[in-house]
Amino acid sequence: MGGFLIALLAFGAIFLLMGVRVVRQGFVYTIERLGRYTLAAQPGMHLIIPFVDRVGHKVNMMEQVLDIPGQEIITKDNAMVGVDAVVFFQVLDAGKAAYEVANLYVAIMQLTTTNLRTVMGSMDLDETLSKRDEINAKLLMVIDHATEPWGIKITRIEIKDIRPPADISNAMARQMKAEREKRAQILEAEGLKSSEILRAEGQKQAQILEAEGRREAAFRDAEARERAAQAEAQATKVVSEAIAGSGSQALNYFVAQKYTEAVAQFAQSPNAKTILFPVEATQLIGSVGGIGELVRDALAPGKGGK
């Protein structure tokens, strides 16, 4: 009797242990009762009925990444390109992900592959190389809509690599080199053009400044000549007034003064030590005598002297 109780207690303990299920964080277990899906066990400890309930699928609820293997795609302009891609997805409904599709990963991979061929096959080679964002957006919209009944969410699709044929790659490299050389020549020509424009502008400004300088110099020369002419006219006026007031005496005085200054300049010349004048001595004596008469008349009483 005692052995039977021990066996019964041991069986009960084993039965209870068989009914305990612990779900890890990040996963959801589907519970099947007699082969039928009944509930989705969230992370934590759960009790089930042994031999009646069982864990059907352990569904990963974290965001996952699926690598799409490389494949050859024919573009709209009949170019063969190699393409690699990755798909990011997350399970939102564990029951649908477990029972609406037989193999979730294979289904996503095949769906992405076929739609990738469809989207890129409708573009030419240049569009496939330059419009990756557009390709990603189209694939995301199509595949997310197709996988919605499976209880998953496609969060992102990225094209990893696009490999054009070798001959097209070489042609593109030559085209890029030619384009860069063209831009370099254009920039060089624009630089030479700007340099010539600046040089011509500088020469223009120099000529303008030179012309303005000549005009200013001519103006000042004319002004100086005008002032000299005014001074000469004023001097002539003064001499004329003196002659008119004093008669021939003032005239003789000025003639004698000029004659004496001219003789003094000849005497001061550094080019010769002896100077011969083809003049008569009586002329010089007469001039000096005229000066003397002028002095006597100026100092005579009643003519301005004391």
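All of these numbers come straight from a predicted model, not from anything done at the bench.

Trainee: Before we move on, could you go through the overall build of the protein and cite the residues and values that matter?
Mentor: Within the protein, the secondary structure is distributed over eight helices and eight strands. The buried share among the 306 residues of the protein stands at 22%. If you sum the accessible surface of the protein, you get close to 21,700 Å²; carbon and sulfur atoms cover 60% of it.

Trainee: I'd like to hear about the packing of helix H3 (residues 104-121) against helix H5 (residues 132-147), residue by residue, with values.
Mentor: Between H3 and H5, whose axes approach to 10 Å, the crossing angle comes to 140°. The pairing of H3 with H5 is recorded here as oblique in orientation. Relative to H5, H3 is oriented so that their crossing is right-handed. The segment H3 lies against H5, with Leu111, Thr112, Asn115, Leu116, Val119 and Met120 engaging Ile135, Lys138, Leu139, Val142, Ile143, Ala146 and Thr147.

Trainee: Lay out the sheet that holds strand E5 (residues 53-60) with the relevant residues and their values.
Mentor: Strands in a sheet are paired, the pairing made by backbone hydrogen bonds, and the direction either parallel or antiparallel. Spatially, the three strands line up as an open sheet ordered E3-E2-E5, and their pairing is antiparallel. Each end of this open sheet is capped by a strand with a single partner; those strands are strand E3 (36-41) and E5. Sheet twist, expressed as the average angle between the axes of neighbouring strands with direction ignored, equals 30°. In terms of strand pairing, strand E2 (residues 27-33) meets E3 through five bridges, oriented antiparallel. Across the sheet, Tyr29 pairs through a bridge with Ala41, a residue of E3.

Trainee: Describe the sheet that holds strand E6 (residues 64-74), listing the residues and the values that go with them.
Mentor: In spatial order, the strands read E6-E7-E8; together these three strands make up an open sheet with antiparallel pairing. The two strands at the open ends of the sheet, each matched to only one other strand, are E6 and strand E8 (152-163). The average undirected angle you get between the axes of adjacent strands in this sheet is 20°. Bridging between strand E7 (residues 80-91) and E8 involves 10 bridges; their strand directions are antiparallel. The residue of E8 that forms the bridge with Gly82 is Arg163.

Trainee: Go over the packing of aromatic side chains, please, and point to the residues and values.
Mentor: The final tally for this structure, using the stated rule, is two aromatic pairs. Relative to Tyr99, the ring of Tyr37 has its centre 5.2 Å away and its plane inclined at 45°; by these criteria the two rings are tilted. Note that Tyr37 is positioned in strand E3 and Tyr99 in helix H2 (residues 94-99), a separation of 62 residues in sequence. On the accessibility criterion, Tyr99 (34% relative accessible area) is partly exposed. With a centroid separation of 5.9 Å and 65° between ring planes, the pair formed by Phe89 and Tyr105 is classed as edge-to-face. Taken as a pair, Phe89 in strand E7 and Tyr105 in helix H3 lie far apart in primary sequence, 16 residues in all. For the cation-ring pair, Arg24 lies above Phe27, with the distance from its terminal atom to the ring centre recorded as 4.5 Å. Across from the ring centre of Phe88, 4.5 Å away, lies the NZ or CZ of Arg156, which sits over that ring.

Trainee: Let's hear about the side chain of Asn136: which residues, and what values?
Mentor: Note that Asn136 resides in helix H5. Of note is the side chain of Asn136, whose polar atom sits 3.4 Å from the side chain of Glu158. Filtering out sequence-adjacent residues up to four positions away, Asn136 remains in contact with Ile157, Glu158 and Ile159.

Trainee: Which residues make up the side chain of Thr75, and what values go with them?
Mentor: Considering the arrangement of structural elements, one finds Thr75 in the loop between E6 and E7. A relative accessible area of 3% places Thr75 in the buried class. Residues contacting Thr75, with those up to four places away along its chain left out, are Val81, Met120, Gly121, Met123, Asp124, Leu125 and Thr128.

Trainee: An account of unusual backbone geometry is requested, with residue identities and associated values reported.
Mentor: One non-glycine residue, Phe51, lies in the positive phi region at around 70°. Relative to the elements of secondary structure, Phe51 occurs in the loop between strand E4 (44-47) and E5. The phi dihedral of Asn78 is positive, around 65°, even though this residue is not glycine. Locating Asn78 in the fold gives a position in the loop between E6 and E7. Classification of Asn78 as exposed rests on a relative accessible area of 68%.

Trainee: Residue-level account of the nonpolar core, with values.
Mentor: The biggest cluster of nonpolar side chains holds 35 residues, and the ones touching the most others in it are Leu104 and Leu116. Those elements that provide at least two residues to this core are E6, E7, H2, H3, H5 and E8. Of the residues forming this core, the biggest block, seven residues, is contributed by H3. Not counting residues up to four positions away in its chain, the partners in contact with Leu104 are Phe89, Val91, Ala97, Trp150 and Ile152. Ranked by size, the runner-up nonpolar core spans seven residues in total, among them Val23, Tyr29, Ile31 and Ile48.

Parameters at a glance
- Residues numbered from 1 in each chain as written.
- Predicted model: local features only at pLDDT ≥ 70, side-chain atom pairs only at ≥ 80, totals over all residues.
- Heavy atoms only, no water.
- Helix = DSSP H or I, 4+ residues; strand = E, 2+ residues; numbered from the N terminus.
- Buried < 20%, exposed > 50% of the residue type's maximum accessible area, 1.4 Å probe, protein only.
- Areas by Shrake-Rupley, 256 points an atom, 1.4 Å probe, with all protein chains shown as cover.
- Axes fitted to C-alpha atoms, helices over the stretch in contact; angles between N-to-C directions.
- Parallel < 35°, antiparallel > 145°, perpendicular 65-115°, else oblique.
- Left-handed = near helix turned anticlockwise from the far one by under 90°.
- Contact = heavy atoms within 4.5 Å.
- Pairing = 2+ DSSP bridges.
- Phe/Tyr/Trp six-rings, centres within 6.5 Å; stacked < 30°, edge-to-face > 60°.
- Lys NZ or Arg CZ within 6 Å of the ring centre and 35° of its normal.
- Polar contact = N/O pair within 3.5 Å; in protein donor to acceptor, adjacent residues only side chain to side chain.
- Core = buried A, V, L, I, M, F, W, Y, C linked by side-chain atoms within 4.5 Å.

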